[in-house]
Amino acid sequence: MLATATERQGFAGGMRASMRGATGPLIGLIVLCLFLTFASDKFLSIRNFLNVLDQITVLGIMAVGMTMVILIGGIDLAVGSVMALAMMVLGYLNVVAGVPMWIAIPLALLVASLNGLIAGLLITRFNVPAFIATLAMMSIARGLANMITDGQQIIGFPAWFNTMAIVRFGGFLTLTVAVMLGVFIAGLLYQRYRHGGRVLYAIGGNAEVARLAGINVQRATVLVYVVCSFLAGLSGMVLAARLDSVQPSSGVSYELDAIAAVVIGGTSLSGGTGGIGGTIIGVLIIGILRNGLNLLSVSPFMQQVIIGGVIVLAVTAETYRKRK
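Residues numbered from 1 in each chain as written. Predicted model: local features only at pLDDT ≥ 70, side-chain atom pairs only at ≥ 80, totals over all residues. Heavy atoms only, no water.

Engineer: Just checking my understanding: could you explain the overall build of the chain for this structure?
Structural biologist: Helices and strands together make up the secondary structure of the chain, namely 13 helices and two strands. Here the chain has a C-alpha radius of gyration of 20 Å; the compact-globule value for 324 residues is 20 Å, and the two agree. Expressed along its principal axes, the backbone C-alpha trace of the chain runs to roughly 55 × 50 × 35 Å. Out of the 324 residues belonging to the chain, those deemed buried represent 51%. Considering only residue pairs separated by 6 or more positions, the chain has 80% of its internal contacts joining residues 24 or more positions apart. Entry remark: accessible area of the chain is about 15,100 Å², with carbon and sulfur atoms responsible for 68%. Of the side-chain charges in the chain, 19 are positive and 10 negative, and the distance between the mean point of each set is 12 Å. (Helix = DSSP H or I, 4+ residues; strand = E, 2+ residues; numbered from the N terminus. Rg over C-alpha atoms; globule rule 2.2 N^0.38 Å. Buried < 20%, exposed > 50% of the residue type's maximum accessible area, 1.4 Å probe, protein only. Contact = heavy atoms within 4.5 Å. Areas by Shrake-Rupley, 256 points an atom, 1.4 Å probe, with all protein chains shown as cover. Lys, Arg positive; Asp, Glu negative; His and termini not counted. Charge placed at Lys NZ, Arg CZ, Asp CG, Glu CD.)

Engineer: Honestly, helix H4 (residues 101-125) in this entry has me stumped. Any pointers?
Structural biologist: Residues that lie three or four places apart on an α-helix share one face, since the helix turns once every 3.6 residues. End to end, H4 covers 35 Å across 25 residues, agreeing with the expected 36 Å (1.5 Å per residue, within 8%). Of the residues making up H4, those classed as buried are Met101, Ala104, Ala108, Leu109, Ala112, Ser113, Asn115, Gly116, Ala119, Gly120, Ile123 and Thr124. Taken together, the buried residues of H4 touch helix H3 (79-96), helix H5 (130-149), helix H6 (159-163) and helix H10 (217-243). Backbone geometry just downstream of H4 places Asn127 in the positive-phi region, at approximately 55 degrees. (Expected span 1.5 Å × (residues − 1).)

Engineer: Sorry, what's going on with helix H7 (residues 175-193) here?
Structural biologist: With 19 residues, H7 should reach 27 Å at 1.5 Å per residue; the first-to-last C-alpha distance of 26 Å fits that figure. Taken as a whole, H7 has its buried residues at Thr176, Val177, Met180, Val183, Phe184, Gly187 and Gln191. One face of H7 carries all of its buried residues, which in axial projection span an arc of 115 degrees. Exposed side of H7, more than 90 degrees from the buried face: Ile185 and Tyr193 are the residues found there. (Arc of directions from axis to C-beta.)

Engineer: I keep staring at the packing of aromatic side chains and nothing clicks. Help me out?
Structural biologist: Describing an aromatic ring pair means giving the distance of the ring centres and the angle of the ring planes. Under the defined criterion, the tally for this structure stands at two aromatic pairs. Taken together, a centroid distance of 5.9 Å and an interplanar angle of 85 degrees make the contact between Trp160 and Phe161 edge-to-face. Trp160 gets classed as partly exposed once you look at its relative accessible area, which sits at 46%. Judged by its relative accessible area of 2%, Phe161 is buried. Among the aromatic residues, those joined into a cluster by ring pairs are Phe157, Trp160 and Phe161. The residue whose ring lies beneath Arg192 is Tyr193, and the NZ or CZ to ring-centre distance is 5.0 Å. (Phe/Tyr/Trp six-rings, centres within 6.5 Å; stacked < 30°, edge-to-face > 60°. Lys NZ or Arg CZ within 6 Å of the ring centre and 35° of its normal.)

Engineer: Can you help me understand the environment of Met88 in this one?
Structural biologist: One can find Met88 in helix H3. Note: C-alpha distance between Met88 and Leu144 (56 residues apart in sequence) is 9.0 Å. Those residues in contact with Met88, other than ones at most four positions away along the chain, are Ala145, Ile148, Thr149, Gln152, Ile154, Val246, Gln247 and Pro248.

Engineer: Mind showing me how you'd approach the side chain of Thr134 here?
Structural biologist: Locating Thr134 in the fold gives a position in helix H5. Polar contacts involving the side chain of Thr134 include one to the main-chain carbonyl oxygen of Phe131, which spans 3.4 Å. (Polar contact = N/O pair within 3.5 Å; in protein donor to acceptor, adjacent residues only side chain to side chain.)

Engineer: Just to check I follow, could you spell out the packing of H4 against H5 for this structure?
Structural biologist: To characterise two packed helices, one gives the angle between the axes of the helices and the distance between these axes. Packing of H4 against H5 leaves a shortest axis separation of 9 Å and a crossing angle of 150 degrees. With respect to each other, H4 and H5 are oriented roughly antiparallel. Like other packed secondary-structure pairs, H4 and H5 cross with a definite hand, here right-handed. Residue-level contacts link Asn115, Ile118, Ala119, Leu122 and Ile123 of H4 to Ala130, Ala133, Thr134, Met137 and Ala141 of H5. (Axes fitted to C-alpha atoms, helices over the stretch in contact; angles between N-to-C directions. Parallel < 35°, antiparallel > 145°, perpendicular 65-115°, else oblique. Left-handed = near helix turned anticlockwise from the far one by under 90°.)

In structure tokens:
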């Protein structure tokens, strides 16, 4: 009974904090859309909106896993490299070894998940700080991705694989966007209704208290890192479909984009507050901001400066909110 009460308190507090944290980003998203509507006559169109959805699929899927990690007070710097590793495993198995895609994709996702399992065990069993453990896995995964083909890209996937990211069924959604939306819905439902979702807030609020209340903190932590790596691998499958090729240099700095989306969405880096709903808003802000800046012909270098400024504003807003 004590564990249940503690989990409910952590969940209730976490959900209230999630709603408060997402209010500011939501207002910012609306203001951004209004500004771009007047700044560019190409922004407010169905075609452009669908382009934005296509462009955020990889980041959106990855950011859901990162949200869960940050909710428990952790961090995962390896997701970009894990994505590249999963892509190279997929390419090698299917194109080089001739393994059917229905077998190659699950095996690639399994390899990605194993990276999360190792990182989670390093953190929980050997007390390695999450930053160091995932930094090490980032280097290992990137090295393995390059070793598979000696740094060369792989092309030659089945034609249907690329059409998943091109053909809009019903004239609206591609299959890759549908995958992202499915991950969003599953993440929201898990966070809101499942026992494991409630546990994330309890651990992020105070891991020791959660442990004393009967929650298996180590098992939950390992599971979170496995899920995060699995979703990084899934985002790699989506990117491979979009590019119709794989290369070991893929995913560079994606971990930073995922963390940025989570932070912009109102999830606290210290854990315990925030949620996937806010992360979705953060992903949309980054996607729409980049899309709008491209429409306004802003240079890629200036875009990096602007997005960095948005991250600073988001963190500053979180710090101010905590002081109130």
